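Architecture and fold: a report
Listed here are the chains, written in short residue letters.
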Amino acid sequence: MSDTAEQGEELSAPERLRKRRSAALRQARRVLSRGGFSGTIRRRLALLTEAAPEVYDLDEPSDMYGNGVVAALEERVAALLGTEAAAFFPTGTMAQQVALRCWAGRTGNLTVALHALAHPEVWERGAFSQVSGLRTVRVTGEPRLPTADEIRDFEEPFGALMLELPLRDAGFVLPSWEELTEVVRAARERDAVVHFDGARLWETTTHFGRPLDEIAALADSIYVSFYKSLDGFGGAALAGPKTLVEEAKTWRHRYGGMVFQQFPTVLSALVGLERELPRLPEYVRHARVVAAALSEGFAEAGVAWARVHPEEPHTHEFQVWLPYEADVLTEAAVRQAEETGTYLFAAAWNRGGPGLSFTEVSVRAAGLEWTADEVKAAVAEFVARLTENVGDEVSR
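An account of the accompanying structure is given in this report. (Residues numbered from 1 in each chain as written. Predicted model: local features only at pLDDT ≥ 70, side-chain atom pairs only at ≥ 80, totals over all residues. Heavy atoms only, no water.)

**What about the nonpolar core?**
In terms of nonpolar packing, the biggest core is built from 58 residues, with Leu 73, Val 77, Leu 81, Leu 180, Phe 196, Trp 202 and Phe 226 touching the most fellow members. Excluding anything up to four places from it in sequence, Leu 180 contacts Leu 163, Leu 165, Pro 175, Phe 196, Phe 208 and Leu 218. Formed by 37 residues, the second largest nonpolar core is a distinct cluster that contains Ala 287, Phe 345, Trp 349 and Trp 370. (Core = buried A, V, L, I, M, F, W, Y, C linked by side-chain atoms within 4.5 Å. Buried < 20%, exposed > 50% of the residue type's maximum accessible area, 1.4 Å probe, protein only. Contact = heavy atoms within 4.5 Å.)

Here it is in structure tokens:
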């Protein structure tokens, strides 16, 4: 027996499935989204080398502790968002802790009001309280953004309201423009500052029907990510009033974010702003075509219940829910990719309840090639393998 086979036998079933998923994504000919993060180091560096001269003079000295190309990116972000200044951070987790810590010092209130599904509550291991001494209160746990009435009627004071736009774990959902402006107004009535967790703010312009600077103008400060939508290597920015940003840079140093050189990540962010940002509205529009085709495809394939959420996506990302266990759905998706070269559902399937699972679908450049009929045909192929998997489970 070969070493590879022996290693395969030593892996658990979930580990083997993860390896198959990774291999299937690398080898798939057709996907709805192919993020740069899944590519090889060689490929990513080659793409950066090709595109970087379009966005910055590579004969300039490299950055040191935030000058040069880093400062250029900060100026670009501030201009796009219409703020006085912006500061580059290595991570969004750090950027938002620093922003809300600064605001707490100014308001005299350490309490941050946010959604129960907000990123810091779900994904950051209690960083706000454990690292920054902040206290969070959950305005609502409903799969939508808080309402103005919920803000006005909340039973205890808070110094800052944090709004995640879009709210990823509720299905990348957004309020209407009117609802958002009313929520901000309600927070102001309580003398609270408003901070936007705008990791994916870049793709909200289509839904709101407003440019980025008009959206950002509602908030006192905004955080944006460079890899979630723009396909950068990483990094984030905090934008807002100059005095806040200057204070944030001091705390950035204290938090260990004063990195010696960051030009590869910063160049990739500038490339993302140049190449991906203008295409996001196109992705959003086509995501709606894909979402409708998925719904029709599941109905035509005879699936008893399926849901695309939101029914008309607010961004280029949305959820698909099906009444099967996550491992069954994952096996069907991987088999389809292995056997046909089409990886329709490449993201992980997650348990949403007994016998109920969901996955996230993202539509980017690769997805623009898909017609509605091709999406429905891929759904039929997926359901055929899903049915086979369920039949195999029953027969056992």
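**Thoughts on the pattern of salt bridges**
Applying the stated criterion to the full structure yields 27 salt bridges. Among the salt bridges present, the one from Arg 185 reaches Glu 182, with a minimum N-O distance of 2.3 Å. Taken as a pair, Arg 185 and Glu 182 lie in helix α9 (residues 177-189) at a separation of three residues, close to a single helical turn. We classify Arg 185 as partly exposed; its relative accessible area is 42%. With a relative accessible area of 26%, Glu 182 lands in the partly exposed category. In this structure, Asp 220 engages Arg 188 in a salt bridge whose closest nitrogen and oxygen atoms are separated by 2.7 Å. In this pair, Asp 220 is assigned in the loop between α11 (212-216) and β7 (221-225) and Arg 188 in helix α9, connecting sequence segments 32 residues apart. Overall, Asp 220 belongs to the partly exposed group, its relative accessible area being 23%. Within this structure, Asp 149, Arg 152, Glu 182, Arg 185 and Glu 189 form a network of salt bridges that share partners. (Salt bridge = Lys/Arg side-chain N within 4 Å of Asp/Glu carboxyl O. Helix = DSSP H or I, 4+ residues; strand = E, 2+ residues; numbered from the N terminus.)

**Description of the packing of helix α5 (residues 92-107) against helix α12 (residues 242-254)**
Two elements in contact, α5 and α12, have axes separated by 9 Å at closest approach and are oriented at 120 degrees. Comparing their axes, α12 and α5 come out oblique. Between α5 and α12 lies a crossing of right-handed hand. Side by side, α5 and α12 meet where Met 94, Val 98, Arg 101, Cys 102, Trp 103 and Arg 106 of the first sit next to Thr 243, Leu 244, Glu 247, Ala 248, Trp 251 and Arg 252 of the second. (Axes fitted to C-alpha atoms, helices over the stretch in contact; angles between N-to-C directions. Parallel < 35°, antiparallel > 145°, perpendicular 65-115°, else oblique. Left-handed = near helix turned anticlockwise from the far one by under 90°.)

**Here we look at the side chain of Thr 83**
Take Thr 83: it is sitting in the loop between α4 (69-81) and β2 (85-89). The exposure class assigned to Thr 83 is buried, which follows from its relative accessible area of 18%. Here the side chain of Thr 83 touches Ala 85 through a polar contact of 3.1 Å, landing on its backbone oxygen. In this structure Thr 83 touches Ala 78, Ile 222, Ala 239 and Gly 240, once residues within four positions along its chain are discounted. (Polar contact = N/O pair within 3.5 Å; in protein donor to acceptor, adjacent residues only side chain to side chain.)

**Focus: helix α3 (residues 41-51)**
Inspection of α3 places Arg 44, Leu 48 and Ala 51 among the buried residues, and these make up the whole buried set. Looking straight down α3, one finds its buried side chains confined to an arc of 75 degrees; they lie on one side. More than 90 degrees from the buried face of α3, the exposed residues found are Arg 42, Arg 43, Thr 49 and Glu 50. Looking at the buried positions of α3, the neighbouring elements they touch are α13 (263-275). (Arc of directions from axis to C-beta.)

**Details of the sheet that holds strand β10 (residues 317-322)**
Strand pairing in a sheet is mediated by backbone hydrogen bonds. Such pairs are either parallel or antiparallel. A sheet is described by the order of its strands in space; here four strands give the open sequence β9-β10-β13-β12, paired in antiparallel fashion. Single-partner strands in this sheet number two, and they are β9 (307-309) and β12 (349-353). Taking the axes of each pair of neighbouring strands and ignoring which way they run, one obtains an average angle of 30 degrees across the sheet. Lying on the sheet, helix α14 (residues 280-300) is in contact with β9 and β10; it crosses β10 at an angle near 10 degrees. Against the sheet, helix α15 (residues 326-340) contacts β10, β12 and β13 (356-362), and its axis sits at roughly 150 degrees relative to β12. (Pairing = 2+ DSSP bridges.)

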